[in-house]
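Residues per chain, in single letters:
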Number of protein chains: 2
Amino acid sequence: MTVNDTTIRTDYPDPLWVQAADSLREQIAGGTLRAGSRLPPERELCLTLGISRVTLRKALQALVDDGAIAPSHGRGWYVSGHADERNEWPNSLESFSETAERMGLLATSRVLTAEVSASTIDEAEKLGIAPGTPLFRLGRVRMLGGVPIALDWALIPALLLPQPERFDFTTDSLYQALADGGNELANAETTIEAREASADVASALDVEAGTPTLVMHQVVRGRGERPVLASTVQYAGDRYRLRTYFARHNRTEL
Amino acid sequence: MTVNDTTIRTDYPDPLWVQAADSLREQIAGGTLRAGSRLPPERELCLTLGISRVTLRKALQALVDDGAIAPSHGRGWYVSGHADERNEWPNSLESFSETAERMGLLATSRVLTAEVSASTIDEAEKLGIAPGTPLFRLGRVRMLGGVPIALDWALIPALLLPQPERFDFTTDSLYQALADGGNELANAETTIEAREASADVASALDVEAGTPTLVMHQVVRGRGERPVLASTVQYAGDRYRLRTYFARHNRTEL
DNA sequence: AAGTGGTCTAGACCACCCC
DNA sequence: GGGTGGTCTAGACCACTTA
């Protein structure tokens, strides 16, 4: 027999495992499942949620990636102590706008540069394109509550962001603009280092020259695996702190 | 029957999905599957590898987490351009010893402190233990090829690392020591900031006071979700660069 | 229309933990 | 021994891409 045809049949529902994961997240957030407590057995959850065990386990894995629960072989699933909401992009750095939201501040930008011009050899190599390919260059001062926090330079092959003048990057998200154009971001290589503020950077960030800054360089790729974006962000050392959360995967090896 | 009931029985075959993932990794690394090329269809791989589709997909997901391949609905699986070996702990920061290996340098340490003493209130709060609980304190200068790179302070509840004097932390890995004791590390909360080197730090790292340093603070949890380790690492700004690689998960949002 | 990945099921057996 | 998570299967249908 098939499932009991509950006639839900809604036209475009989330996959069952997403619904199940959301349901469990709510129960954890709502306190029905307290931190440290054990979840009902998988086979019982299957009945409660009306899904198969394979599907349930996919939902549970999603919660593991969030850091919300952890399995213990032979004992059960346990709710993590620190089960608050995690990033929507787990294991990533907290984004600037996420930080702003967490701190209850308004994230804005002052646009220094927004223009299309030919790429240099170095830029082309980083982005995996031919030298001279048109690049959209976006330079911004990122601010929280009006205070300058970071200098952000982004390079995007112009073809991937047609008509950049459609956007107002004092408030619009560059990531969102790329996603709207069908360039979903899939992964990123990141390096982070500490460096003194040069005179130029210092004046843009309104700090003294020579003070420590945090320099983050990223090459972000889309689904197609070609780099979509290269960015360099330089944070004033005493005004920002990168945050991230790592969860180890299901590897059995040490 | 009860053949030899040797209690050990270290007869661990890897799960099929791990074997399958390894097999695919080899084919990619070995060039049988070139960057950018398409993998055989899932149903064909199932026959080749002699496993079911569910199992195969678990293996493929592992490669996605490595950043080695990416799926395209309706088209196939594609090998990523940058398909070289990734971290064993994907989406984590590259560890000090990994960096050393990549650069062909020898990672050593000078042990400043290795002692057990009672925890302060602040330390206890970070580690989720009672104030006064004995802590193993390990202070090291981390070096690459004999050059001091970072100051590393680690705090571990003493119960989790009995007889720390068994280890020689000038060369032994703290993570390995914890894993040997059954404390597998599961996840970590990390903050990273830039700060000036104090006089003490500067002399330990052999740099000038006031130069930029990268300060990374981590609270690492094990499977049990209780913190296992709190560490603060301060890198000389002009001698080290953190590296990481993020891969977006299967979320459909955006 | 055919091929491909995405989701889902019902049931099975194994490995681990605890009584 | 009984309960629990970990692995695995064979088959089904849906959604997307390409021709």
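Remember, predicted model here, so these are calculated numbers, not experimental data.

Asker: I'd love a proper account of the pairing of strand β2 (residues 76-79) of chain A, names of residues and values included.
Answerer: The pairing of strand β1 (residues 69-72) of chain A with β2(A) spans four bridges and is classified as antiparallel. The residue of β2(A) that forms the bridge with Ser72(A) is Gly76(A).

Asker: Requested: an account of the protein's contact with DNA strand C, with residues and values cited.
Answerer: Around DNA strand C, a shell composed of 28 residues is seen, among which Leu16(A), Ser52(A), Thr55(A), Arg53(B) and Arg57(B) lie nearest. Each atom of DNA strand C within 4 Å of the protein belongs either to a base or to sugar and phosphate, the latter forming 64%. Arg43(B) places a polar side-chain atom, nitrogen or oxygen, 3.0 Å from a base nitrogen of DNA strand C. One nitrogen or oxygen atom from the side chain of His73(B) is found 3.3 Å from a base nitrogen belonging to DNA strand C.

Asker: Now, about the domain arrangement of chain A: what can you tell me, with residues and values included?
Answerer: Partitioning chain A into structural domains gives domain 1 (16-79) and domain 2 (96-236). In this structure, domain 1 of chain A and domain 2 of chain A have C-alpha centres spaced 38 Å apart.

Asker: I'd love a proper account of the protein's contact with DNA strand D, names of residues and values included.
Answerer: Inspection of the region around DNA strand D gives 28 residues, with Arg53(A), Leu16(B), Ser52(B), Thr55(B) and Arg75(B) positioned closest. Of all atoms in DNA strand D that approach within 4 Å of the protein, 64% are sugar or phosphate atoms. Residue His73(A) places a side-chain N or O atom 3.2 Å away from a base nitrogen belonging to DNA strand D. Measuring from a base nitrogen of DNA strand D, one finds a side-chain N or O atom of Arg53(B) at 3.3 Å. At the level of secondary structure, the elements contributing two or more residues to the surface near DNA strand D comprise α2 (42-49), α3 (53-66), β1 and β2 of chain A together with α1 (16-29) and α3 (53-66) of chain B.

Asker: Tell me what's going on with unusual backbone geometry, and back it up with residues and numbers.
Answerer: Residue and element names in this part refer to chain A. For Gln-163, which is not a glycine, the phi torsion comes out positive at approximately 50 degrees. Mapping Gln-163 onto the fold places it in the loop between β5 (147-157) and α6 (174-180). Residue classification places Gln-163 among the partly exposed residues on the basis of a relative accessible area of 48%. In the Ramachandran plot, Asp-206 falls in the positive-phi region, its phi being about 60 degrees despite a non-glycine side chain. Its place among the elements puts Asp-206 in the loop between α7 (199-205) and β7 (212-222).

Asker: Now, about a negative patch on the surface: what can you tell me, with residues and values included?
Answerer: Taken together, Glu196(A), Asp238(A), Glu196(B) and Asp238(B) make up a surface patch of like negative charges. Mapped onto the elements of the fold, Asp238(B) is located in the loop between β8 (227-236) and β9 (242-247).

Asker: Provide a residue-level description of the confidence of the model for chain A, including the pertinent values.
Answerer: All names here are of chain A. On average, residues of chain A score 84 in pLDDT, and 86% of them reach the 70 mark or higher. α7 holds the highest mean pLDDT among the elements of chain A, 97, whereas strand β9 (residues 242-247) holds the lowest, 79. Here residues 1-10 is modelled with pLDDT under 50, and outside its nearest four sequence neighbours on either side it reaches zero contacts, counting other chains as well.

Asker: An account of helix α4 (residues 96-103) of chain B is requested, with residue identities and associated values reported.
Answerer: Residues and elements named next belong to chain B. Residues of α4 that are buried include every one of Phe-96, Thr-99 and Ala-100, and no others. Looking down the long axis of α4, one finds its buried residues gathered within 100 degrees of arc, a one-sided arrangement. Residues of α4 that are buried make contact with β3 (107-118), β4 (134-144), β5 (147-157) and β8. Phi turns positive one or two residues past the end of α4, at Gly-104, with a value near 70 degrees.

Asker: Account for the packing of α2(A) against α3(A), naming residues and giving values.
Answerer: All names here are of chain A. Their axes nearest at 9 Å, the elements α2 and α3 cross at an angle of 100 degrees. Looking at the two axes, α2 sits roughly perpendicular to α3. For the pair α2 and α3, the contacting residues are Glu-42, Arg-43, Leu-45, Cys-46 and Leu-49 in the first and Arg-53, Leu-56, Arg-57 and Leu-60 in the second. In terms of residue class, the contact of α2 with α3 is made up of five nonpolar, no polar and four charged.

Asker: Describe the nonpolar core, and please don't skip the residues or the numbers.
Answerer: The biggest cluster of nonpolar side chains holds 26 residues, and the ones touching the most others in it are Tyr235(A) and Tyr235(B). With sequence-adjacent residues up to four places away left out, Tyr235(B) is seen in contact with Phe96(B), Ile149(B), Ala150(B), Leu205(B), Thr213(B), Leu214(B), Met216(B), Tyr240(B) and Leu242(B).

Asker: For the packing of helix α1 (residues 16-29) of chain A against α3(A), give the residues involved together with the corresponding values.
Answerer: All names here are of chain A. Running from amino to carboxyl end, α1 crosses α3 at an angle of 50 degrees, the nearest separation of the two axes being 8 Å. One finds that α1 runs oblique with respect to α3. The handedness of the crossing between α1 and α3 is right-handed. Contact residues: Leu-16, Trp-17, Ala-20, Ala-21, Leu-24, Arg-25 and Ile-28 in α1; Thr-55, Lys-58, Ala-59, Leu-60, Ala-62, Leu-63 and Asp-66 in α3. In terms of residue class, the contact of α1 with α3 is built from ten nonpolar, one polar and three charged.

Asker: Kindly report on the pattern of salt bridges, identifying the contributing residues and their values.
Answerer: Any two side chains of opposite charge can pair if their charged atoms end up close together. Residues and elements named next belong to chain A. This structure, assessed with the given rule, holds 18 salt bridges over all chains. Of the charged contacts in the structure, one is a salt bridge between Arg-53 and Glu-42, with a shortest N-O distance of 2.6 Å. One end of the pair, Arg-53, is in helix α3; the other, Glu-42, is in helix α2, with eleven residues separating them in the sequence. What makes Arg-53 partly exposed here is its relative accessible area of 34%. For Arg-142, the salt bridge is made with Asp-152, and the minimal N-O distance between the two is 3.1 Å. Highlighted residues: Arg-142 in strand β4 (residues 134-144) and Asp-152 in strand β5, separated in sequence by ten residues. Assessed through its relative accessible area of 15%, Arg-142 is described here as buried.

Asker: Describe the side chain of Ser119(A), naming the residues involved and giving the relevant values.
Answerer: All names here are of chain A. In this structure, Ser-119 sits in the loop between β3 (107-118) and α5 (121-127). For Ser-119, a relative accessible area of 8% translates into the label buried. Only 3.0 Å separates the side chain of Ser-119 from the backbone nitrogen of Gly-132, close enough to count as a polar contact. When sequence neighbours within four positions are dropped, the list of residues in contact with Ser-119 reads Ala-124, Ile-129, Ala-130, Pro-131, Gly-132, Thr-133, Leu-135 and Arg-137.

The rules behind these values
Here the residue numbering is sequential within each chain, running from 1 through the sequence in written order. Chains and ligands are labelled sequentially in the order written, the chains with letters from A and the ligands with numbers from 1. The predicted origin of the model limits local features to residues at a pLDDT of at least 70 and limits the giving and counting of side-chain atom pairs to 80 or more, whereas totals for whole chains, interfaces and linings rest on all residues. The basis for every side-chain value is the complete set of non-hydrogen atoms in the structure, without hydrogens or water. Here a strand pair is declared whenever DSSP counts at least two bridges between the two strands. Where helices and strands are cited, they refer to DSSP runs of H or I of at least four residues and of E of at least two residues respectively, numbered from the N terminus. If even one non-hydrogen atom of a residue comes within 4 Å of a molecule or strand, that residue is called near it. What qualifies as a polar contact is a pair of N or O atoms within 3.5 Å, subject to a donor-acceptor requirement within protein and to the restriction that residues adjacent in sequence count only when both atoms come from side chains. Where each domain starts and ends comes from a domain assignment, either automatic or drawn from a database. With a 1.4 Å probe rolled over the protein chains alone, any residue whose accessible area is under 20% of its type maximum counts as buried; one over 50% counts as exposed, and the rest are partly exposed. Surface patches are defined over residues having more than 30% relative accessible area and no salt bridge, joining like charges when they lie within 9 Å and nonpolar side chains (Val, Leu, Ile, Met, Phe, Trp, Tyr) when within 5 Å. Only the protein chains shown count as cover for residues, and all accessible areas are computed by the Shrake-Rupley method using a 1.4 Å probe. Salt-bridge detection follows one rule: a side-chain nitrogen of Lys or Arg within 4 Å of a carboxyl oxygen of Asp or Glu. Lys and Arg are tallied as positive, Asp and Glu as negative. Neither His nor the chain termini are counted. Here the site of a charge means atom NZ of a Lys, CZ of an Arg, CG of an Asp or CD of a Glu. Known as pLDDT, the predictor's confidence for each residue is given on a scale from 0 to 100. Every residue pair with non-hydrogen atoms within 4.5 Å of one another is taken to be in contact. Within this analysis, the arc is defined by the directions that extend from the helix axis to the C-beta atoms. For helices, the axis comes from a line fit to the C-alpha atoms of the stretch in contact; other axes are also lines fit to C-alpha atoms, and the angle between any two N-to-C directions lies between 0 and 180 degrees. For classification purposes, angles smaller than 35 degrees are called roughly parallel, those larger than 145 roughly antiparallel, those between 65 and 115 roughly perpendicular, and all remaining angles oblique. Throughout, the ten residues Ala, Val, Leu, Ile, Met, Phe, Trp, Tyr, Cys and Pro are labelled nonpolar, Asp, Glu, Lys and Arg are labelled charged, and all others, Gly among them, are labelled polar. Take the buried Ala, Val, Leu, Ile, Met, Phe, Trp, Tyr and Cys residues and link them wherever side-chain atoms come within 4.5 Å; each set so joined is a nonpolar core. In a left-handed crossing the near helix is turned counterclockwise from the far helix by less than a right angle, and in a right-handed crossing that turn is clockwise.

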